[in-house]
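Okay, here's what each chain looks like letter by letter:
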Amino acid sequence: MSLSEISLGNLVKKQFFYKLNAYTGVFSSMVLIQVIAIFFSFGAVSSGSGRFGVQINVDYHSADTLIIFTMLWAFINAVTIITKKYRDDDFAFVTNRVSNNVSNMLFLVAASFIGGVTAILSTFLIRVISYFVLRDHSVIGYDVMYSVQEIFSGLLVVFLYLLLFCALGYLAGTISQLHKSFVVLLPVVVMGCLIMIVIYGSEVLLHVIEFYSKETNTLLFVGKTVITSFLLFAGAIILSNRLEVRK
Amino acid sequence: MKVVACENLIKTQGQLKTLNDVSFSIEENTITGLIGRNGAGKTTLLKILAGFWRGTSGDVKVFAESPFNNLLVSANAIYIDDQMDFSTALTIKEILDEAGRFYEKWDRDLAQRLFDYFSFHPKQIHQNLSKGKKSTFNMIIGLASRCALTMFDEPTTGMDTAVRKDFYRALLKDYIAHPRTIIISSHHLEEVEDLLEDVLLLESGKKHLHLPMDVLKEYAVGLTGRTEIILQWTYHKEIIYQKNMDHGTTYVVVKNDYFPLEQAKRLGIKISPVPASDLCVYLTNKTKGGIDDVFK
């Protein structure tokens, strides 16, 4: 009897490409979410003030909505690909828990990257639409220029934030797969903790957010987000290594 | 070489022991029928062998390795049932192509020919297939993957008679051309008995017997005769099954060990062979009289 030997690396590669093929739903939901976000961006914050017969209206066309929506997508997307349905699909072919998790992780990295690119490009789309539809000529002009470097650093930041949310979602998804009750317990505990933090006026949460969002050194920022994401993924892998599949 | 070896395997699900102290081994290149009533533990056993589930205690070895979370086992063992789920984003043709990339011994040609023979449309989605068509498609994956250990769990669910016959024939032909270890679980022993070399009978999570098919066919005899004679004759014997017929006659099934058959014939007892499929039903009945006992 000759047995097929397959190396982990080779298998992860196969699974990664399989997932890019099979998880197309992830990307169609991304397009949908970003289109909605672009739409919402036009209901942008508007403030006006008038004095001495002069009325000044300032409209903010911000890409924040878009980025936040995409982060939400990243989180939900990571929770989704660890659900039973997706896991059962994966276990139809050759796999073990580690290879499945690693290929999921790589898939999420790829998805974050694609999500980041489209999010950054969408910010330009918002400008173009403002220019042509809203006749807002101030958004495109000589003084509104971006250097290539700025665009790429923007992309890097969005990509890493998305990755962080993917990793968070992946861990949350994995925990909720361990036992049915966790599906309810996990959000309750998280919400409970948040409420406690607010009630006691603790600034822990604020510090945590600032730890990631207020970092101005690019290298440190990359280090912080990559290491955190990696730790979250590693936690998920360790937890799911004993998970039974295909009930 | 032993492909599967189980020793004192126990699997507890909630309070219930779905597998209770099961020990057996399966040799290389054999076709074994895993027979048992509903809830006997067939699926549980197969899922443990496939590495999906973990045994609660006891020792399981597939290709001499523990199957749970094992890459070697996953690459060389395939478990086919009607619950198989495939991505809804892929057409069934694409699923076959993907399967081909994962299984080293995949026979693309065979898969394509079976695909055409059972008239699948390449653009169909697995989820939208009918029950019988799903089973047929899953069977194609099971056959074409040529895994050293191929497990079919109730493979013919929903298939019509013609497809069922085709499936068994395809399985046998492919097995002869490419010998491998196959385990089929089925309710319909009469359909697969010509195919099987061994039978593993499970009852309520316990191994009831594990015998070659030829031995199983000779395992018991059926005796028909006047009730009083039959009862007298089988007084100290272990009765596997008993059924009261019309006109004071009784049919019993007893184990075929050194039974004085010639003498019995002279007393007017009719002796008949017991088909293996009936025997398995009798052996796993909770009561000697079957459903009749409920309506007594």
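About the cut-offs
- Residues numbered from 1 in each chain as written.
- Chains lettered and ligands numbered in written order.
- Predicted model: local features only at pLDDT ≥ 70, side-chain atom pairs only at ≥ 80, totals over all residues.
- Heavy atoms only, no water.
- Pairing = 2+ DSSP bridges.
- Helix = DSSP H or I, 4+ residues; strand = E, 2+ residues; numbered from the N terminus.
- Axes fitted to C-alpha atoms, helices over the stretch in contact; angles between N-to-C directions.
- Contact = heavy atoms within 4.5 Å.
- Core = buried A, V, L, I, M, F, W, Y, C linked by side-chain atoms within 4.5 Å.
- Buried < 20%, exposed > 50% of the residue type's maximum accessible area, 1.4 Å probe, protein only.
- Arc of directions from axis to C-beta.
- Phe/Tyr/Trp six-rings, centres within 6.5 Å; stacked < 30°, edge-to-face > 60°.
- Lys NZ or Arg CZ within 6 Å of the ring centre and 35° of its normal.
- Parallel < 35°, antiparallel > 145°, perpendicular 65-115°, else oblique.
- Left-handed = near helix turned anticlockwise from the far one by under 90°.
- Nonpolar A, V, L, I, M, F, W, Y, C, P; charged D, E, K, R; others polar.
- Patch = residues over 30% accessible without salt bridge, like charges linked within 9 Å, V, L, I, M, F, W, Y side chains within 5 Å.
- Areas by Shrake-Rupley, 256 points an atom, 1.4 Å probe, with all protein chains shown as cover.
- Salt bridge = Lys/Arg side-chain N within 4 Å of Asp/Glu carboxyl O.

A. Looking closely at the sheet that holds strand 10 (residues 220–226) of chain B. All names here are of chain B. The antiparallel open sheet is built from four strands, whose spatial order is 11-12-10-13. At either end of the open sheet lies a strand with only one pairing partner, and these are strand 11 (239–244) and strand 13 (270–273). Neighbour to neighbour, the strand axes of the sheet diverge by 20 degrees on average, direction disregarded. As defined by bridge partners, strand 10 adjoins strand 12 (residues 249–255) across seven bridges and the pair is classed as antiparallel. In the sheet register, Arg226 faces strand 12, and the bridge partner there is Thr249. In the packing of helix 11 (residues 276–283) onto the sheet, contacts are made with strand 10, strand 11 and strand 12, and the angle to strand 11 comes to roughly 95 degrees.

B. Region of interest: the nonpolar core. If you look at the biggest cluster of nonpolar residues, it comprises 110 residues, and the most contacted ones within it are A:Phe107, B:Phe137, B:Ile141, B:Leu216, B:Tyr219, B:Val253 and B:Leu279. At twelve residues, the largest contribution of residues to this core is made by helix 6 (residues 148–178) of chain A. If we ignore the near neighbours within four places in the chain, the residues touching B:Phe137 are B:Phe86, B:Ile92, B:Ile95, B:Leu96, B:Phe115, B:Phe120, B:His126 and B:Leu129. Among the nonpolar cores identified, the runner-up in size contains 32 residues, and B:Val3, B:Val4, B:Leu19 and B:Phe63 belong to it.

C. Region of interest: unusual backbone geometry. All names here are of chain B. One non-glycine residue, Ser119, adopts positive backbone phi at about 40 degrees. Mapped onto the elements, Ser119 comes out in the loop between helix 4 (108–117) and helix 5 (131–144). Residue classification places Ser119 among the exposed positions, given a relative accessible area of 55%. Phi is positive for Glu154, which is not a glycine, with a value near 45 degrees. Here Glu154 shows up in the loop between strand 6 (149–153) and helix 6 (161–177). We classify Glu154 as buried; its relative accessible area is 16%.

D. Structural context of helix 4 of chain B. Residue and element names in this part refer to chain B. All of the buried residues in helix 4 are Leu110, Ala111, Leu114 and Phe115. Taken around the axis of helix 4, the buried residues stretch over an arc of 135 degrees, which confines them to a single face. In this structure, helix 4 carries Arg113 and Tyr117 as exposed residues pointing more than 90 degrees from its buried face. The inward-facing, buried residues of helix 4 abut helix 3 (92–102), helix 5 and helix 6. Taken from the residues just after helix 4, Ser119 is the one with a positive phi, measuring 40 degrees.

E. Region of the structure containing the sheet that holds strand 1 (residues 2–13) of chain B. Residue and element names in this part refer to chain B. Spatial ordering of the open sheet is given by 2-1-4, a layout of three strands whose pairing is antiparallel. Single-partner strands in this sheet number two, and they are strand 2 (16–27) and strand 4 (57–62). Direction aside, neighbouring strands of the sheet carry axes that sit 15 degrees apart on average. Across eight bridges, the pairing between strand 1 and strand 2 is antiparallel. Bridge assignment links Lys2 to a residue of strand 2, and that residue is Glu27.

F. How the structure looks around the packing of aromatic side chains. Counted according to the given criterion, the structure contains 24 aromatic pairs over all chains. On the basis of an interplanar angle of 75 degrees and a centroid distance of 5.8 Å, the ring pair of B:Phe120 and B:Phe137 is categorised as edge-to-face. Of this pair, B:Phe120 sits in the loop between helix 4 and helix 5 while B:Phe137 sits in helix 5, placing them 17 residues apart in sequence. The residues B:Phe120 and B:Phe137 share a single accessibility class, namely buried. Three or more aromatic residues joined by ring pairs make a cluster, and in this case those are A:Tyr18, A:Phe93, B:Phe86, B:Phe102, B:Phe115, B:Phe120 and B:Phe137. The cationic tip of A:Arg97 hangs over the ring face of B:Phe68; the distance from NZ or CZ to the ring centre is 4.2 Å.

G. Geometry of the packing of helix 2 (residues 24–41) of chain A against helix 3 (residues 64–80) of chain A. All names here are of chain A. Where helix 2 contacts helix 3, the two axes come as close as 8 Å, and the packing angle between them is 155 degrees. Comparing their axes, helix 3 and helix 2 come out roughly antiparallel. Relative to helix 3, helix 2 is oriented so that their crossing is right-handed. For the pair helix 2 and helix 3, contact is made by Val26, Ser29, Met30, Ile33, Gln34, Ile36, Ala37, Ile38, Phe40 and Ser41 and by Thr65, Leu66, Phe69, Thr70, Trp73 and Asn77, respectively. Grouping the constituent residues of the contact of helix 2 with helix 3 by class yields ten nonpolar, six polar and no charged.

H. Representation of a nonpolar patch on the surface within the structure. Judged by side-chain polarity, A:Leu125, A:Val128, A:Phe132, A:Val133 and A:Leu134 come together as a nonpolar surface patch covering roughly 460 Å² of accessible area. When you line up the elements, A:Phe132 lands in helix 5 (residues 97–132).

The values are spatial; any link to function lies outside them.
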